[in-house]
Number of protein chains: 2
Amino acid sequence: MDYSIEFLTRRLKSKAIRPSYQRIKVLEYVHQKGGHPTADDIFRALSGDIPSLSKVTVYNTLHTFVKAGLLRVVDIDDGEKRYDVTLADHGHFQCEACGTIFNFRVNIDQVPIEGLERFEITQKNVYFKGLCPNCLQPTANGRKEEAR
Amino acid sequence: MDYSIEFLTRRLKSKAIRPSYQRIKVLEYVHQKGGHPTADDIFRALSGDIPSLSKVTVYNTLHTFVKAGLLRVVDIDDGEKRYDVTLADHGHFQCEACGTIFNFRVNIDQVPIEGLERFEITQKNVYFKGLCPNCLQPTANGRKEEAR
DNA sequence: TTCATTTTTGAAACGATTTCAAATTTATAA
DNA sequence: TTATAAATTTGAAATCGTTTCAAAAATGAA
């Protein structure tokens, strides 16, 4: 995919966010890496490229992106928040053994709901937990496979 | 309902939890009060009855209860964890204006899911956010109604 | 009662996040 | 280009819910 500086800059400008170097780098990281990185993951990954980078900047940037709708917060983990570039509606599964978070398709709007008749719903989150296939099936050598 | 000391004691013993005074009081509080109290809500509410009460005891007790299946954790809120005595499967809605959490009926097992074919699911959480009826409709005097 | 185990407690530690104010960078207008 | 205002970045310190720790107190069994 095209995650060039130009593309990322345009994406930021389209949301009225000034395309600072730090912001472009954060946006590039979450797009290229994918998955569900924490603020600290991002900070550590970019510290090499941007030696002056402050963790506060990462927090500020993530807040800005979430508010603009460029990222979704995944708050399934007990400790740190995670960030997801996949904007389409989907559920999150966290493996209780390895901690990995997986996306899955779920059409929550198809499910019958009772008790929210006069409510205005703006956000729907589906969080599952359990064991992923890797942790469920130990390999021949007796150890569990690496989490993807 | 019957939330007598005897009932609560029996309930604890049935889960092999020693019915200490503190534990009985915490269990009594969450049953009588209902809703989705935080550890601090419980601590402040019981401090009068149990002047020596430590917050650590509340945390310990809540952990014990959750592990025994007497309570469910509701982790919809950004800050503190909340605890729910309603054990039957249900979703949680948090009003973004007043912060109140409401339970609602949802049969998550009826929803078609794709991508978790080889996973073992042990926990399913449905968290919605938005505005509750109270916050949606300002009253005649111009102020919003009190949250339930 | 005695002894071992469990529970409770306050103080301190922890860790992710936020707040703050100063320094730097950027955009805009003159 | 320069001046000026506004936005962004930064490190240090603060915050806050929760956990860890070790000692004191309570409890149950022998």
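The text that follows walks through the structure, step by step, so that each part is easy to find. None of the values given here were measured: they were computed from a predicted structure.

Each value, and the rule that gives it
- Residues numbered from 1 in each chain as written.
- Chains lettered and ligands numbered in written order.
- Predicted model: local features only at pLDDT ≥ 70, side-chain atom pairs only at ≥ 80, totals over all residues.
- Heavy atoms only, no water.
- Pairing = 2+ DSSP bridges.
- Helix = DSSP H or I, 4+ residues; strand = E, 2+ residues; numbered from the N terminus.
- Near = heavy atom within 4 Å.
- Polar contact = N/O pair within 3.5 Å; in protein donor to acceptor, adjacent residues only side chain to side chain.
- Nonpolar A, V, L, I, M, F, W, Y, C, P; charged D, E, K, R; others polar.
- Buried < 20%, exposed > 50% of the residue type's maximum accessible area, 1.4 Å probe, protein only.
- Contact = heavy atoms within 4.5 Å.

1. With respect to the pairing of strand S4 (residues 101-106) of chain A
When strand S3 (residues 91-95) of chain A meets S4(A), the two strands line up antiparallel, connected through 4 bridges. Across the sheet, the residue bridging to Gln94(A) is Ile101(A), located in S4(A). Here S3(A) folds back onto S4(A), and the loop between the two strands holds 5 residues, one of which, Gly99(A), carries a positive phi near 85°. Here S4(A) pairs with strand S5 (residues 113-114) of chain B via 2 bridges, running antiparallel. Paired with Arg105(A) across the strands is Glu114(B), a residue of S5(B).

2. Considering the protein's contact with DNA strand C
Among the 16 residues in the neighbourhood of DNA strand C, the closest are listed as Tyr59(A), Ser20(B), Arg23(B), Ser52(B) and Thr57(B). Per the 4 Å cut-off to the protein, sugar and phosphate atoms form 83% of the nearby atoms of DNA strand C. With respect to DNA strand C, the side chain of His63(A) contributes an N or O atom lying 3.0 Å from a phosphate oxygen. A distance of 3.2 Å is found between a phosphate oxygen of DNA strand C and a backbone nitrogen or oxygen belonging to Ser54(B). Elements that contribute at least two residues to the surface near DNA strand C include exactly helix H4 (55-68) of chain A together with helix H2 (21-33) and helix H4 (55-68) of chain B.

3. A closer look at the protein's contact with DNA strand D
In the vicinity of DNA strand D lie 16 residues, with Ser20(A), Arg23(A), Ser52(A), Thr57(A) and His63(B) positioned nearest. The sugar and phosphate moieties of DNA strand D supply 81% of its atoms located within 4 Å of the protein. Taking Ser20(A), its side chain carries an N or O atom lying 2.3 Å from a phosphate oxygen of DNA strand D. A distance of 2.7 Å separates a phosphate oxygen of DNA strand D from a polar atom in the side chain of Arg23(A). Listed by contribution, the elements that provide at least two residues to the surface near DNA strand D are helix H2 (21-33) and H4 of chain A together with H4 of chain B. In terms of residue class, the surface near DNA strand D is built from 4 nonpolar, 7 polar and 5 charged.

4. Some words on the sheet that holds strand S3 (residues 91-95) of chain B
What the 8 strands build is an open sheet, ordered S5(A)-S4(B)-S3(B)-S6(B)-S6(A)-S3(A)-S4(A)-S5(B); its pairing is mixed. Only two strands of the sheet have a single neighbouring strand rather than two, namely strand S5 (113-114) of chain A together with S5 of chain B.

5. Structural notes on the environment of His92(B)
Residues and elements named next belong to chain B. Following the sequence through the fold, His-92 ends up in strand S3. For His-92, a relative accessible area of 1% gives the class buried. Here His-92 is in contact with His-36, Arg-72, Val-74, Ile-76, Asp-84, Ile-101, Phe-102, Asn-103, Phe-104, Val-126, Tyr-127 and Phe-128, once residues within four sequence places are set aside.

6. Focus on unusual backbone geometry
All names here are of chain A. Unlike most non-glycine residues, Ala-16 shows phi in positive territory, near 60°. Mapped onto the elements of the fold, Ala-16 is located in the loop between helix H1 (5-14) and H2. You can call Ala-16 exposed: its relative accessible area is 72%.

All we've got here are geometric facts, nothing functional implied.
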